[in-house]
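Secondary and tertiary structure notes
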Amino acid sequence: MIIAVASGKGGTGKTTVAVSLALSLDGVQFADCDVEEPNAAIFLRPVIDEKIPVTMLVPEVDETKCSGCGKCAELCAFNALVVLEKKVLIFPHMCHACGGCMRICPEQAITEKPREVGIIEKGMAGGMSFMQGILNVGDPMATPIINRLRKQLDPSKIVILDSPPGTSCPVIETVRESDYCILVTEPTPFGLHDLQLAIATVRELHVPFGVIINCAGIGDDAVETYCREENVPLLMKIPWDRRIAEGYSRGEAVVTVQSDLEQQFKNLYATIKTTVNATA
Amino acid sequence: MKICISSIGQDLAAAVDPRFGRAQRYIIMDTETKAFECIDNAAAMSGGGAGTKAAQLVINKAVQAVLTGNIGPNAFTVLNTAGITIYTGVSGTVQEAVDMFLGGTLQPVATPTAEAHAGMGGGKGSGI
């Protein structure tokens, strides 16, 4: 069972929900896929015992073989190569590692060399298996790290993926091929706006989903109205409560601060399981 | 010599496009004969790598100088490596830019003047 926790808008409570759900269940594998700034470790406090570098293969040109024909630059969809008269300029940060330039080069002047984009850390947080991806600062290539994280999942466990915010490639890479997606929002116009974008994205991926409202009590009831009209299941509401915010500032999960919510998270998982089994 | 001016329109009365990589068009002019052509920038709408692609386009036209508003790091590297002189901070019409260039009042720049993706509009682009 793979459950992705995503949001659209950032800062709505993805990690809050993912961490509390994980702490409420047994047999969990947790993967922080928000590789640009993973922060679930602050709450789960894992002991890391393995670090795996993540690399991408980027082109290297042997200029003694290059004829300057320009076919590699023409092919590259990301414009990561530029061919000057006597020189090929390579922009490794723009390369998506498709290998096309190497294959199209008539002179076989291009080889591939690994470029490190980040690392994966693995360990245990109590009885929970924990992983997180960390993208190198300044590097734009989040997706390959998430892809590598996903390859190490154990679907026989309850896998919980803490997604990056937004609706772009890193989110797609996290959510696609999940069994279920929890979308966390706040009950504000901004929250609703980005929730709508997130719902459109998850629908496109054909992943069943439901909504959790965090900070319930602020804003308005437009999110609830929208969910009702769109037939989107409203899974849970986490109240706007100073104690939760104070706990958060100390790195304590919601279920640690308000233990009565643990049963709600257990029920949440039961609901998700029923939905997934009915869909399968 | 041949020069390139980033342009919003197709003739010398058009305004200089303030962005290099995502300029709508380029006016390529022969400063001796004053003959010019306008080329569309195929890179203007690309998801990423507009700067390098646009630079390649301009290099293929064998220009020796580029006049524009701002230029990002990748396009700068490409043009600089190709030995093309870059003038930024240029505004007004294309004709005015040419006059300033020929009058010697433009100063070439030695470093990029914008961050990557600055010319994308609608916030910093990602989706990569």
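Conventions adopted
Residues numbered from 1 in each chain as written. Chains lettered and ligands numbered in written order. Predicted model: local features only at pLDDT ≥ 70, side-chain atom pairs only at ≥ 80, totals over all residues. Heavy atoms only, no water. 1 Å grid on protein atoms, 1.4 Å probe; cavity = no way out; pocket = protein on both sides within 12 Å on 5 of 7 lines; lining within 4 Å. Points joined across faces, edges and corners; volume = space filled by probe spheres on them. Nonpolar A, V, L, I, M, F, W, Y, C, P; charged D, E, K, R; others polar. Helix = DSSP H or I, 4+ residues; strand = E, 2+ residues; numbered from the N terminus. Buried < 20%, exposed > 50% of the residue type's maximum accessible area, 1.4 Å probe, protein only. Pairing = 2+ DSSP bridges. Right-handed = clockwise from strand over helix to strand, strands pointing away.

In this section: empty space enclosed by the protein. Residue and element names in this part refer to chain A. All told, the structure shown has three cavities of 30 Å³ or more when counted by the stated rule. Volume-wise, the largest cavity comes out at about 110 Å³. Here the lining of the largest cavity is built from residues that sort into ten nonpolar, three polar and two charged. Here the second largest cavity defines a volume of roughly 60 Å³. Contributing to the lining of the second largest cavity are Thr 15, Thr 16, Val 19, Ser 20, Phe 43, Ile 244, Tyr 248, Glu 252, Ala 253 and Val 254. When residues of the lining of the second largest cavity are assigned to their parent elements, the largest contribution, four residues, is made by helix 1 (residues 14-24). Looking at the lining of the second largest cavity residue by residue, the classes come out as six nonpolar, three polar and one charged.

Residue and element names in this part refer to chain A. Along strand 9 (residues 180-185), six of the six residues are buried, which leaves the element largely enclosed by surrounding structure. Residue alternation in strand 9 divides its side chains into two sets, Tyr 180, Ile 182 and Val 184 and Cys 181, Leu 183 and Thr 185, and both sets are buried. Where strand 1 (residues 2-6) and strand 9 come together, four bridges link them in parallel fashion. Bridge pairing links Ile 3 to Tyr 180 in strand 9. Pairing of strand 9 with strand 10 (residues 209-216), which is carried by five bridges, proceeds in the parallel orientation. Note that in strand 10 the partner of Leu 183 across the bridge is Val 211. For the crossover from strand 9 across helix 7 (residues 189-204) to strand 10, the handedness is right-handed.

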